[in-house]
Amino acid sequence: MLQITIREERASDHEAVRGVNDDAFGRPLEGGIVDGVRGTDRWIDGGSLVAETPQGRIVGHLLISEG
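Structure report, in brief. (Residues numbered from 1 in each chain as written. Predicted model: local features only at pLDDT ≥ 70, side-chain atom pairs only at ≥ 80, totals over all residues. Heavy atoms only, no water.)

This paragraph deals with the overall build of the protein. Counting secondary structure elements, the protein contains 2 helices and 3 strands. When the helices and strands of the protein are placed in sequence order, the string is β-α-α-β-β. For the protein, the C-alpha atoms occupy an extent of roughly 35 × 25 × 20 Å along the three principal directions. Looking at the protein as a whole, 30% of its 67 residues qualify as buried. Counting only contacts in the protein whose residues sit at least 6 apart along the sequence, the fraction spanning at least 24 positions is 54%. As presented, the protein carries roughly 4,500 Å² of accessible surface, and 53% of it is formed by carbon and sulfur atoms. Of the charged side chains in the protein, 7 are positive and 12 negative; the average position of the first set lies 2 Å away from that of the second. (Helix = DSSP H or I, 4+ residues; strand = E, 2+ residues; numbered from the N terminus. Buried < 20%, exposed > 50% of the residue type's maximum accessible area, 1.4 Å probe, protein only. Contact = heavy atoms within 4.5 Å. Areas by Shrake-Rupley, 256 points an atom, 1.4 Å probe, with all protein chains shown as cover. Lys, Arg positive; Asp, Glu negative; His and termini not counted. Charge placed at Lys NZ, Arg CZ, Asp CG, Glu CD.)

Attention now moves to the pairing of strand S2 (residues 43-52). Across 4 bridges, the pairing between strand S1 (residues 5-8) and S2 is antiparallel. Residue pairing in the sheet places Thr5 in a bridge with Glu52 of S2. As paired strands, S2 and strand S3 (residues 58-65) are joined by 6 bridges and run antiparallel to one another. Bridge pairing in S3 places Glu52 opposite Ile58. A loop of 5 residues connects S2 with S3, the two strands running antiparallel in sequence, and Gly56 in this loop sits at a positive phi of about 90°. (Pairing = 2+ DSSP bridges.)

Formed by Val17, Val20, Val34, Val50 and Ile58, the largest nonpolar core amounts to 5 residues. Beyond its immediate chain neighbours, meaning those up to four positions away, Val50 contacts Thr5, Ile6, Arg7, Glu8, Glu9, Asp13, Val17, Ile58, Gly60 and His61. (Core = buried A, V, L, I, M, F, W, Y, C linked by side-chain atoms within 4.5 Å.)

Along the chain, His61 turns up in strand S3. A distance of 3.5 Å separates polar atoms of two side chains, one belonging to His61 and the other to Glu9. A polar side-chain atom of His61 sits 3.2 Å from a polar atom in the side chain of Asn21. Contacts of His61, omitting those with residues within four sequence positions, involve Glu9, Val17, Val20, Asn21, Val34, Ser48, Leu49 and Val50. (Polar contact = N/O pair within 3.5 Å; in protein donor to acceptor, adjacent residues only side chain to side chain.)

As C-alpha cells, then:
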C-alpha cells in the first residue's frame, strides 16, 4: 500500500513537481505552466500541494490558482 503525506509545496520541490507534471501529461507544457504561475499575482499561497512518500519522493501535485 502506498502511504503518502499531503503538504504545501516548498521551493525545494520545484524540480520534482515539474517532473511529476511532465510524467503525468507526457509533455513539458503543464510543468511549464506551473513554473510560469509561481511568483505572479495568480499564485495563491497554500494553493500548491504535493503528495510525498515516507521516503520523501514527490508522487503527486495539485495547483489551485486564480484564472
